[in-house]
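Residues per chain, in single letters:
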Amino acid sequence: MSRPPPSFTPQNPTPAPNPGGPASFSNLQISRAPPPFASAGPPAGNGPAPSSIRGPQAPFPGARPFPGSPSPPLQPDPPSARPAPSVQQSPPLGGPPTVLPLQPLQRPPFHGPLSGLPAQVQRAPFRGPPAASQPLPFGGPPAAVSQPPPFVATAQLAPLSALPYSAAQPPLFGGPSGAVPLPTYSMPPFGGPPAPSQQGPYGGPPQFGGQRPVSQPPSFGAQTAAASQPPTFMGVPGASAPAFGPPGWQGQAQPGVLPGGLQPSMRMPVMPGGMQPIAGQGIPSTPTMPYSPHAGAQVSTPSKIDPNQIPRPIAETSVVIFETRQGGQAAVPPAASSEFIVKDTGNCSPRFMRCTMNQIPCTGDLVTTSGMPLALMVQPFALPHPSEEPIQLVDFGEMGPIRCSRCKAYINPFMRFVDQGKNFICNLCGFSNDTPREYLCNLGPDGRRRDADDRPELCRGTVEFIASKEFLVREPMPAVYFFLVDVSMNAVHTGATAAACSAISQALSDLPEGPRTMVGIATFDSAIHFYSLKRAQQQPLMLIVPDIQDVYTPLQMDLILPVSECRDSLEQLLESIPSMFENNRVADSAFGAAMKASFLAMKPTGGKLLVFQSVLPSVGIGSLSAREAEGRSNISTGDKEAHKLLQPVDKTLKTMALEFAEYQVCVDVFLTTQSYTDIASISVVPSTTGGRVYYYFPFSALSDPAKLFNDLRWNISRPQGFEAVMRVRCSQGLQVQDYSGNFCKRVPTDIDLPAIDSDKAIMVTFKHDDKFQENSECAFQCALLYTTVYGQRRIRVINISLPCTSMLSNLFRYADLETQFTYIVKQAASGIPSSSPSQVRDQVTSTCINILQSYRKYCASVSSSGQLILPEALKLLPLYTLALIKSIGLRNDGRIDDRSYWVSIVSSISVFLAVPLVFPRMIALHDLMSRDDEDSLIPNHLTLNSENIQDDGIYLLENGEDGFIYVGNAVNTATLEQIFGLSSLAGVPNQLVLEQFDNELSRKVNEIVNEIRRQRCSYLRLRLCQKGDPSGDFFRSLLVEDKAPGGLSYVEFLVHVHRQIQSKMT
């Protein structure tokens, strides 16, 4: 029986207020769409399942509990045992447009945090992992009902009744006759923050496990916990940590009208590059503005845009029950950042698959005209909400799943049965297939099979089939985990070796239980050291491979053994490795050779290779040089061709990675370093084999062992599958253009994934090869064949069917902002290694302008050219675009490794995490005690500008990877002592270990940080930033609405976008 998912080890949690009022632009018009979907009722139960259906899947083998989680009952409670959530149904969207009068340029008073959640209402995190009491399709960390839930912004806009309308100007659409005018709407001229709706309760988020006792005292400040306390992660003394689970925030725009237009009488001086771009060339570079540390520039812009009335994300606290299809129609999904519970009624959960447009254009010309991309984001193992039904497991026995005999699509709810059920017509290719005799069933009066509601494959958008023998090329592989640890001089001296050994030792209990789970270990410096862990030996036997050019494996047997046979020997070895190598004077690292030798040991089975690396690989196969220093010394080429340092140095590691992928070996690299390591070259191996890079720079033996352990624990315990093959099929009329993500591709139609997990997303782009009929539907099907960590071969099939439209206005009305923005971020990341940062920034800006110009030209009502008009669904696109332009990956001044790491993260990032990565969340920590107890756990976020930063305040800004705690220079000494245990932070290192002290403020701060970690499924690395210090300047550079040395403020960027649209229109 699998254990419940691990609880995350905690170190910090707390919330922040959001000052921003509703966004409106005095001269900006935002057109508003009609209600995307009707309100959804509570989920109804399914009918009885036929005997061939296994019912809800047992907890998925992939997910393991974080260490220290309590043992679950042998039989999990049924989902019905959970208290039913009180749910607010999705508010309708829609309403006619108007234009706001120009506002005088003045700032309203700061608005405090929105009122929050009643104390008795406990909210589970958005997309949080399922609770342990409920059968999991496969696990995320368990929900702890005692902990209040995270801040979640929903995508829903306020009901129309809250907005004033002017029906006097119904905008016209371009498009075929009979088009309904697209309503626009305008914001109230000014106003405080909207009153939030109350949140519906449902199970709270999982917690981080407590500190965990280990066989060796954990190195680097991790203390063993008292036996009475639940074990935690190698964290700070007294810290309790939350469990990971995916989460939610990222806001939806405040309903608002952008007054961004400039009236002809008040034109700003022409900005550099403001001329009309020449056809075929990108938008001119964004004008460069001088840097203002206090970013007061928004107020003094020559435009009459009121900075407080422009679109910004807002947090909504309601929980929506989302039925994927209603009345035979696809429903428009809630925003990825909002909190919702999915009821699968034919289309898959939007967590698994999202399209950039929720209506599919009938022709390729329509896509081109719109400027918007047509793509799917597929995240096959995304964590479900705790209240959602698990994915059903279906066993067709020897026969295998029913498929179309022409295109090989799997049976799904959109295949039509005809001739009394004797034939079925494929919804993708239109071919008529004979129904197998064993699968025959009469049709009811509605034309559906009478057993359709009893068969998950005929009524659910996502199902899992047990693979029959035809899908087995070999016996399913065992779960193999091979640890490879750098023991070179630098790694030992910085404490990285000891931290790695301690993390591995503690994470062993999170490996899947059972006889098929196998482990092995090796260490390396300029030679490779294998260890035979055979139980018969008194102690592990070291076997050294000195040849690092033509590597080999010293034994065919005994290097990889079942964990049950060698655990004691392995723990003993891990305890002794740091002392064995403490006097090592070998500074070289044979990283490539060590990976190749480990691969040779794993080649017969495949598995996960987890590499802990601390220095630039300097000897043996795949050795690298310090290219960054060479780029700095040769200034003439350094600036012009700096982007070449973001490309792999050669093809050696790529060739090696392709071989690893062929034999189902997935590589994850943990870079615990204090210097340049050439991530651009190293990351090729994880990205080709389905793994990822984890980056700890500069590595601190004090604060980073906690993150290293939690990252490793989540890596091996999250839902995942091995030796996977994935293919996306679509209706005739479209074809797959490309796949993007961390995988290996050998044939055009499929991608190979040595491993796939709950954090990885694959982007699939499409192009038209034919036309669709108006009002027909276009279907997409993702099929993933994989092996569970317990050795079962399964096929996960994910279906979605969307309506087709020939009206451009519908594409904008039903656009999915976050999915489109994720596409833009991934496109930018793919361009970074081959283009200069300024070219990529121009391309990103150009994409945004082209989309908005298309809307203005073809869909908006006839109006003054001085108005900036934004489509309702995409009104945050300029803000997110500005944030992307200022992100680490696109900065000229970023470290090469930091930019390469950013690119590697983005390649497989999900829609849910892409927005916060570039548009972070900021909350105030100093005034938590003044918040009412009924507020939600995490306070409302602040707008990202300097006007929200007070000298006597403490702020947390987080992007899902890092948490930056900014401390002003006039903070009350008592507040410093409560949070940090110090009356002054002078001389305190930037890498912060947040401890929990015996006071209420400290407890709240730790709760917030732990909740964010649980939401993000990432153990935030905390950094201290202080005013007057370079760290403080870096913090301010993350305030994307401010003017920066090479970039515009948000208001200035809107003016720039408006000018470019005007020039293209004329």
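What you are looking at is a predicted structure, and each value in this text was computed from that prediction instead of being measured. (Residues numbered from 1 in each chain as written. Predicted model: local features only at pLDDT ≥ 70, side-chain atom pairs only at ≥ 80, totals over all residues. Heavy atoms only, no water.)

Details of the nonpolar core
The biggest cluster of nonpolar side chains holds 162 residues, and the ones touching the most others in it are Met595 and Phe780. The greatest single-element share of this core, amounting to eight residues, is contributed by helix 7 (residues 591-602). Dropping the residues within four chain positions of it, Met595 is found in contact with Leu484, Leu609, Val611, Leu653, Met656, Phe660, Val667 and Val685. Core analysis: the second largest hydrophobic core is formed by 42 residues, Ile521, Val563, Leu573 and Phe581 among them. (Core = buried A, V, L, I, M, F, W, Y, C linked by side-chain atoms within 4.5 Å. Buried < 20%, exposed > 50% of the residue type's maximum accessible area, 1.4 Å probe, protein only. Helix = DSSP H or I, 4+ residues; strand = E, 2+ residues; numbered from the N terminus. Contact = heavy atoms within 4.5 Å.)

Points about the sheet that holds strand 14 (residues 416-418)
Across a sheet, strands are paired by hydrogen bonds formed along the backbone, either parallel or antiparallel in direction. Ordered by their spatial adjacency, three strands build an open sheet running 14-15-16, and the pairing between neighbours is antiparallel. Either end of the sheet is taken by a strand with one partner, and the two such strands are strand 14 and strand 16 (432-434). Looking at each pair of strands side by side, their axes are set apart by 35° on average, direction ignored. Direction of pairing for strand 14 relative to strand 15 (residues 423-425): antiparallel, over a ladder of three bridges. Bridge pairing in strand 15 places Val418 opposite Asn423. (Pairing = 2+ DSSP bridges. Axes fitted to C-alpha atoms, helices over the stretch in contact; angles between N-to-C directions.)

A closer look at the sheet that holds strand 12 (residues 375-378)
In space, the four strands of this open sheet follow the order 10-12-29-27, with antiparallel pairing throughout. Each having just a single partner strand, strand 10 (353-355) and strand 27 (734-740) make up the two edges of the open sheet. For this sheet, the mean inter-axis angle between neighbouring strands, taken without regard to orientation, is 25°. As paired elements, strand 12 and strand 29 (residues 762-768) share four bridges and run antiparallel to each other. Opposite Met377, over in strand 29, you have Met763 as the bridge partner. The sheet strands contacting helix 15 (residues 817-831) are strand 10, strand 12 and strand 29, and the helix crosses strand 12 at an angle near 90°.

Structural notes on a nonpolar patch on the surface
Where nonpolar side chains cluster on the molecular surface, the patch consists of Met542, Ile544 and Met580 and spans about 260 Å² of accessible area. Residue placement: Met542 occurs in strand 21 (residues 541-545). You can call Met542 partly exposed: its relative accessible area is 32%. (Patch = residues over 30% accessible without salt bridge, like charges linked within 9 Å, V, L, I, M, F, W, Y side chains within 5 Å. Areas by Shrake-Rupley, 256 points an atom, 1.4 Å probe, with all protein chains shown as cover. Salt bridge = Lys/Arg side-chain N within 4 Å of Asp/Glu carboxyl O.)

Describing the environment of Ala336
Tracing the sequence through the fold places Ala336 in the loop between strand 8 (329-330) and strand 9 (340-343). Assessed through its relative accessible area of 6%, Ala336 is described here as buried. Each C-alpha atom, one on Ala336 and one on Val915, is 9.7 Å from the other, the two residues being 579 residues apart in sequence.

A few points about the packing of aromatic side chains
Under the criterion given, the structure shown has 19 aromatic pairs. Between Tyr410 and Phe465 the ring centres are 6.2 Å apart and the planes differ by 20°, which places this aromatic pair in the stacked class. Here Phe465 lies in strand 17 (residues 462-466) and Tyr410 lies in the loop between strand 13 (392-394) and strand 14, a separation of 55 residues in the sequence. For Tyr410, a relative accessible area of 4% corresponds to the buried category. For the pair Tyr966 and Phe1035, a centre-to-centre distance of 4.8 Å together with 25° between the ring planes defines the contact as stacked. On the criterion of sequence distance, the pair formed by Tyr966 in strand 35 (residues 962-967) and Phe1035 in helix 22 (residues 1030-1037) is long-range, its members being 69 residues apart. Per residue, the accessibility class of Tyr966 equals that of Phe1035, and both read buried. Every member of this aromatic cluster is reached through a ring pair, and the members are Phe396, Tyr410, Tyr439 and Phe465. One cation-aromatic arrangement involves Arg351 over Phe340; the distance from NZ or CZ to the ring centre is 4.1 Å. Over the ring of Tyr439 we find Arg449; its NZ or CZ atom is 4.3 Å from the centre of that ring. (Phe/Tyr/Trp six-rings, centres within 6.5 Å; stacked < 30°, edge-to-face > 60°. Lys NZ or Arg CZ within 6 Å of the ring centre and 35° of its normal.)

With respect to helix 6 (residues 563-580)
A maximum bend of about 35° is found in helix 6 at Ser569. Listed in full, the buried residues belonging to helix 6 are Val563, Cys566, Ser569, Leu570, Glu571, Leu573, Leu574, Ile577 and Pro578. In this structure, the buried side of helix 6 is in contact with helix 5 (496-507), strand 19 (517-524), strand 20 (528-532) and strand 22 (561-562). (Bend = angle between axes of the 7 residues up to and from the residue.)

Some details on helix 7
In this model helix 7 runs 16 Å from its N-terminal to its C-terminal C-alpha over twelve residues, within 8% of the 16 Å that 1.5 Å per residue would give. Listed in full, the buried residues belonging to helix 7 are Phe591, Gly592, Ala593, Ala594, Met595, Ala597, Ser598, Phe599, Ala601 and Met602. (Expected span 1.5 Å × (residues − 1).)

Brief notes about unusual backbone geometry
Going from Phe697 to Pro698, the amide bond is cis rather than trans, its omega being -15°. Secondary-structure assignment places Pro698 in the loop between strand 25 (693-696) and helix 13 (704-717). The phi torsion at Asp678 lies on the positive side, around 60°, for a residue other than glycine. For Asp678, the location among the structural elements is in the loop between strand 24 (665-672) and helix 11 (679-682).

Description of the state of the cysteines
Scanning the model with the defined rule gives zero disulfides in all. Residue Cys730 stays outside any disulfide, its sulfur separated by 6.3 Å from that of Cys778, the closest cysteine. (Disulfide = S-S within 2.5 Å.)

Side note on the environment of Thr1066
Inspection of the secondary structure puts Thr1066 in the segment after helix 23 (1050-1065). Assessed through its relative accessible area of 78%, Thr1066 is described here as exposed. Separated by 201 residues in sequence, Thr1066 and Ser865 place their C-alpha atoms 9.9 Å apart. Here the side chain of Thr1066 touches Ser1063 through a polar contact of 3.1 Å, landing on its backbone oxygen. (Polar contact = N/O pair within 3.5 Å; in protein donor to acceptor, adjacent residues only side chain to side chain.)

Description of the packing of helix 5 against helix 13
As a packed pair, helix 5 and helix 13 sit with axes 9 Å apart at the nearest point and diverge in direction by 40°. The angle between helix 5 and helix 13 places the two elements in the oblique class. In this structure, helix 5 meets helix 13 at a crossing whose hand is right-handed. Between helix 5 and helix 13, the residues in contact are Ala499, Ala500, Ala503, Ile504, Gln506 and Ala507 and Pro705, Leu708, Phe709, Leu712 and Ile716, respectively. Each residue belonging to the contact of helix 5 with helix 13 can be placed in one class, and the counts come to ten nonpolar, one polar and no charged. (Parallel < 35°, antiparallel > 145°, perpendicular 65-115°, else oblique. Left-handed = near helix turned anticlockwise from the far one by under 90°. Nonpolar A, V, L, I, M, F, W, Y, C, P; charged D, E, K, R; others polar.)

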